[in-house]
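# Observations on the three-dimensional arrangement
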Amino acid sequence: MKIIFYIIQKEFKQIFRNKGMLPIIFVLPLLQLVILSNAATFEVKNIKFAYIDNDQSTSSRALIEKFEASTYFNVQTSFPSEVLASSAMLKGEVDVVIDIPLYFERDLQKDKKVNLGITINAIDGAAAGVENVYITQIIRSFSKQIKMDLKQKSDSQIQPVNIETIPLFWYNETLNYKTFMVPGILVLLVTMITLFLSGMNIVREKEIGTLEQINVTPIKKSQFIIGKLFPFWIIGMGLLTIGLILARLIFNVPMLGNLVLMYAYTSVYILVILGMGLFISNFTDTQQQAMFIAWFFTVIFILMSGLFTPIESMPEWAQILTEFNPIKYFVEVMRMVMLKGSGFIDILPQFIKTLIYAVIMNILAVWRYRKTT
Amino acid sequence: MGILVSNISKSYKEVKALHNISFEVKPKELFGLIGPDGAGKTTLFRILTTLLIANEGKATITGFDVLNNFKDIRKHVGYMPGRFSLYQDLTVEENLKFFATIFGTTIEENYELIEDIYVQIEPFKNRRAGKLSGGMKQKLALCCALIHKPKVLFLDEPTTGVDPVSRKEFWDMLKRLQQKNITILVSTPYMDEAALCDRIALIQNGEILQIDTPENIVKQYSKVIYDVSANNMYQLINSLKAYQHQHSVYPFGEFVHYTDTRSDFNPKELKTYLEEQKLSNISIERTQATIEDSFMEMAK
């Protein structure tokens, strides 16, 4: 016990004396939290909008005004012809072009039906989809208004029944992206920092040769490993705490669930990550190698965690793979507890899977760790 | 019960690092492994300190087998690797305390053993180990290897890269440690240090050439050696090597060590030959053989 305590003490001394590392551990992650949470949003805004008005009528101008009134669109220019509009889109000057045909107003009044041409730049497929929804919404409200204007008294009896849906967004009523992203990004930071640091830590002793000196001492494998990894467990928990405080103060993220539950889950989760770090350091000889492998796995884990893209929309084989992704569970638990106020029973499946993962990962890592070469 | 090594062999894939090594180190002996870089000294040390497993052969340290009783060995040996391997970002005192703690002891408990070494670095005890000079680092590393009062001390090239004064001090320290019932196995590429050991093993290409006391090794050297010098060293060596009766020619400080194949060698003959080669200031003096000469002769 005394030995473990002394190694932990030594480890902390080394961490705090490393003037280059300290800001990387504490300042950069929080900077990332603030920047990423504000920047990583799926809302599509400032859409560059252009139109070709072949009709030049009151109705066509009214339609364009509708777009101008929207906060999502930046109405830029009117193009005299479709060719010019296409070349502007090719240059990336516009995202959306709406083509209003000749006799737009006349057909609208006479036939009550008219076709509009809409071209959307779909290099970013996700953004194009969102833009399509916005445009459809605007046009629909426009056509409703037109219908009202054109309605004559005699029509009132035969008004069609209109079905309208009013969605209610539970757990995040205003669809605030920050509320959704902050818990996820916090997960990312806790994972990255603890994985990188623990992976590099034991390799560092290999690199500077101290491991050889340690290996000829009677110190037990378990004492050394616990002593080396425990400080990073503390750092992980510390990062979570600072991150949660920032989430509350800056982003006003709701915390409906029990914080004790969140800490309990995180404490198990960090064990998984530390086991991975130890496992990586068993197979590498330099900090560079360790860093690269850790980075490789983190990227895969993050992209397949459901943090940025929903797991439900992945192909089936990928969905099965995500079962082995600890970050996925952490993201789920974090969002469930913070936004939904889930209790222990609700997160039990994730909790058990993470626990099993932690046990297996650490057994593997300790088993692979050798004092002799 | 010192160190007993019998028929140890180790190869790394194709390369044979050690071949059938056997020797015995008696208790309280200062035993030197003398050989050039790449002779296999470090590999042997790593096997004896249980860091590496030999392909063949057996070795025991104070009666404990390196394979089966490695845990006991780790309690009773001190190891100082060739490369400085203490924590550079911890202070002198913290390093020492760290190693004392993981050996389950304290600095105070075994202070008398390290006292005369530690007093020399004590003024710098709050300095980070990375900021110490080379000689100071060696002393600290020795303290750390001694802090648990080991029965056997392994020193892998402890004086490589250390200045001559510190080297001498270091060997004086080893002599004193020997008085305190510690068996010492030390390796060095410096032949002059070999003379300071009780017994030495000359090792090259993973094989032991000879094991004996330094005096006996020198005695067994049968040839008569001459110190030869002249105004132009480079030309002198070339001329001597071209001389038909030469047996060996090695530069040795400001002289060239020369031996002849004939038993009735007359230095005057050589002098005339060298003068013919347009060398001046020629001096040819008889000299005593050293371990280096023995080693060069055996390694030939």
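Quick caveat: nothing in here was measured; it's all calculated off a predicted structure.

## Section: helix α14 (residues 348-368) of chain A
All names here are of chain A. Relative to the 30 Å expected for 21 residues at 1.5 Å per residue, α14 spans 30 Å between its end C-alpha atoms, a close match to the ideal helical length. Buried within α14 are the following residues: Gln 350, Phe 351, Thr 354, Tyr 357, Ala 358, Met 361 and Ala 365. Projected down its long axis, α14 shows its buried positions confined to an angular sector of 125 degrees, all on one face. Summarising the geometry of α14, the exposed residues directed more than 90 degrees from the buried face are Ile 363 and Trp 367. Elements in contact with the buried residues of α14: α10 (259-283) and α13 (326-340).

## Remarks on the pattern of salt bridges
Between side chains of opposite charge, a pair can form as their charged atoms come close. Within this structure, the stated rule accounts for 20 salt bridges over all chains. Between Lys 10 of chain A and Glu 11 of chain A there is a salt bridge; the shortest N-O distance is 3.2 Å. The two residues Lys 10 of chain A and Glu 11 of chain A agree in class, both being buried. Residues Asp 89 of chain B and Arg 204 of chain A are paired through a salt bridge, measuring 3.2 Å at the closest nitrogen-oxygen approach. On the criterion of chain membership, the pair formed by Asp 89 of chain B in the loop between β6 (77-80) and α3 (92-102) and Arg 204 of chain A in helix α7 (residues 177-208) is interchain, its members lying in two chains. Residue class for Arg 204 of chain A comes out partly exposed when judged on its relative accessible area of 26%. Within this structure, Lys 10, Glu 11, Glu 205 and Lys 228 of chain A form a network of salt bridges that share partners.

## Quick look at a nonpolar patch on the surface
On the surface, Ile 352, Ile 356, Ile 360, Leu 364 and Trp 367 of chain A cluster together to form a nonpolar patch covering roughly 490 Å² of accessible area. Take Trp 367 of chain A: its relative accessible area is 53%, and that puts it in the exposed class.

## Description of the interface of chain A and chain B
With 25 residues of chain A at the contact, the number on the chain B side is 27 residues. When the two sides are added together, the surface that chain A and chain B hide from each other amounts to roughly 2,700 Å², 58% of it contributed by carbon and sulfur. The largest per-residue losses of area from chain A upon contact with chain B belong to Tyr 6, Arg 17 and Gln 213 of chain A, which jointly make up 25% of the total buried on that side. Counting across the interface, chain A meets chain B through four salt bridges. Here chain A is connected to chain B by twelve residue pairs in polar contact (both at pLDDT 80 or more). Among the residues making up the side of chain A that touches chain B, the classes are represented as eight nonpolar, eight polar and nine charged.

## So, the domain arrangement of chain B
Residue and element names in this part refer to chain B. Under the domain assignment used here, chain B contains domain 1 (3-219) and domain 2 (225-299). One C-alpha centre belongs to domain 1, the other to domain 2; they are set 37 Å apart. The interface of domain 1 with domain 2 comprises 15 residues on the first partner and eight residues on the second. Both faces combined, the contact of domain 1 with domain 2 buries some 880 Å², and carbon together with sulfur accounts for 82% of it. The largest share of the area that domain 1 buries against domain 2 comes from Met 191, Leu 209 and Val 218, three residues that together contribute 54% of it. Applying the counting rule to domain 1 against domain 2 returns zero salt bridges. Taken together, domain 1 and domain 2 are joined by zero residue pairs in polar contact (both at pLDDT 80 or more). Going through the elements one at a time, α7 (191-194), β9 (199-204), β10 (207-212) and α8 (214-219) are the ones with two or more residues in the side of domain 1 that touches domain 2. Per-element accounting of the side of domain 1 that touches domain 2 gives the leading share, four residues, to β9. Of the residues that constitute the side of domain 1 that touches domain 2, the class distribution is twelve nonpolar, three polar and no charged.

## Things to note about the packing of α7 of chain A against helix α9 (residues 221-249) of chain A
Residue and element names in this part refer to chain A. Running from N to C, α7 and α9 point in directions that differ by 155 degrees, and their axes come no closer than 9 Å. Between α7 and α9, the interaxial angle falls into the category roughly antiparallel. In the packing of α7 onto α9, the handedness of the crossing is right-handed. For the pair α7 and α9, contact is made by Val 182, Leu 186, Leu 189, Val 190, Ile 193, Thr 194, Leu 197, Ser 198, Asn 201, Ile 202 and Glu 205 and by Phe 224, Lys 228, Leu 229, Phe 232, Ile 235, Gly 236, Leu 239, Leu 240, Gly 243, Leu 244 and Ala 247, respectively. For the contact of α7 with α9, the per-class residue count stands at 15 nonpolar, five polar and two charged.

## A word on the pairing of strand β3 (residues 30-34) of chain B
Residue and element names in this part refer to chain B. Most of β3 sits out of view: five of its five residues are buried. Covered by surrounding structure in β3 are Leu 30, Gly 32 and Ile 34 together with Phe 31 and Leu 33, the residues of both alternating faces. Pairing of β3 with β9, which is carried by four bridges, proceeds in the parallel orientation. Bridge pairing in β9 places Ile 34 opposite Leu 202.

## A look at the packing of aromatic side chains
Evaluation of the coordinates by the stated rule reveals 27 aromatic pairs over all chains. Consider the rings of Tyr 243 of chain B and Tyr 258 of chain B, whose centres lie 6.5 Å apart with planes at 50 degrees: the pair is tilted. With Tyr 243 of chain B in the loop between α9 (233-242) and β12 (246-252) and Tyr 258 of chain B in strand β13 (residues 255-260), this pair connects stretches of sequence that are 15 residues apart. Across the pair, exposure class does not vary: Tyr 243 of chain B and Tyr 258 of chain B are buried alike. Through pairs of rings, three or more aromatic residues link up here, namely Tyr 265, Tyr 269, Phe 330, Phe 344 and Phe 351 of chain A. A cation over a ring is seen here: Arg 106 of chain A above Tyr 103 of chain A, with NZ or CZ 4.1 Å from the ring centre. Seen from the ring of Phe 180 of chain A, Arg 335 of chain A lies directly overhead, with NZ or CZ sitting 3.7 Å from the centre.

## Topic: the side chain of Lys 228 of chain A
As for its position among the elements, Lys 228 of chain A is in helix α9. For Lys 228 of chain A, the contacting residues outside a window of four places in its chain are Ile 7, Lys 10, Glu 11, Asn 201, Ile 202 and Glu 205 of chain A.

## Concerning the confidence of the model for chain B
As a general rule, the predicted coordinates of low-pLDDT regions are not to be interpreted in detail. Mean pLDDT over chain B works out to 88, with 100% of the residues at or above the 70 mark. Summarising per-element confidence for chain B, the mean pLDDT is lowest in helix α11 (residues 291-299) of chain B (83) and highest in strand β7 (residues 152-156) of chain B (93).

## Quick notes on the sheet that holds strand β1 (residues 3-12) of chain B
Residue and element names in this part refer to chain B. As summarised here, the arrangement of the four strands in space is β2-β1-β4-β5, forming an open sheet in which the pairing is antiparallel. A strand with exactly one partner marks an edge of an open sheet, and here the two such strands are β2 (15-25) and β5 (64-65). As defined by bridge partners, β1 adjoins strand β4 (residues 56-61) across five bridges and the pair is classed as antiparallel. The partner of Ile 3 across the bridge, within β4, is Ile 61.

## Let's talk about the sheet that holds strand β3 (residues 96-100) of chain A
All names here are of chain A. Strand order in the open sheet formed by four strands is β2-β1-β3-β4, and the pairing between neighbours is mixed. Of all strands in the sheet, those with a lone pairing partner are β2 (73-78) and β4 (117-120), marking the two edges. Averaged over all pairs of adjacent strands, the angle between strand axes in this sheet comes to 20 degrees, irrespective of strand direction. Where β3 and β4 come together, four bridges link them in antiparallel fashion. Bridged to Val 97 within β4 is Thr 119. Against the sheet, helix α4 (residues 82-90) makes contact with β1 (47-53), β3 and β4, and its axis sits at roughly 170 degrees relative to β3, the strand it touches most.

What counts and what doesn't
Residues numbered from 1 in each chain as written. Chains lettered and ligands numbered in written order. Predicted model: local features only at pLDDT ≥ 70, side-chain atom pairs only at ≥ 80, totals over all residues. Heavy atoms only, no water. Helix = DSSP H or I, 4+ residues; strand = E, 2+ residues; numbered from the N terminus. Expected span 1.5 Å × (residues − 1). Buried < 20%, exposed > 50% of the residue type's maximum accessible area, 1.4 Å probe, protein only. Arc of directions from axis to C-beta. Contact = heavy atoms within 4.5 Å. Salt bridge = Lys/Arg side-chain N within 4 Å of Asp/Glu carboxyl O. Patch = residues over 30% accessible without salt bridge, like charges linked within 9 Å, V, L, I, M, F, W, Y side chains within 5 Å. Areas by Shrake-Rupley, 256 points an atom, 1.4 Å probe, with all protein chains shown as cover. Buried area = accessible area lost by both parts, 1.4 Å probe. Polar contact = N/O pair within 3.5 Å; in protein donor to acceptor, adjacent residues only side chain to side chain. Nonpolar A, V, L, I, M, F, W, Y, C, P; charged D, E, K, R; others polar. Domains from an automatic or database assignment. Axes fitted to C-alpha atoms, helices over the stretch in contact; angles between N-to-C directions. Parallel < 35°, antiparallel > 145°, perpendicular 65-115°, else oblique. Left-handed = near helix turned anticlockwise from the far one by under 90°. Pairing = 2+ DSSP bridges. Phe/Tyr/Trp six-rings, centres within 6.5 Å; stacked < 30°, edge-to-face > 60°. Lys NZ or Arg CZ within 6 Å of the ring centre and 35° of its normal. pLDDT = per-residue confidence, 0-100.

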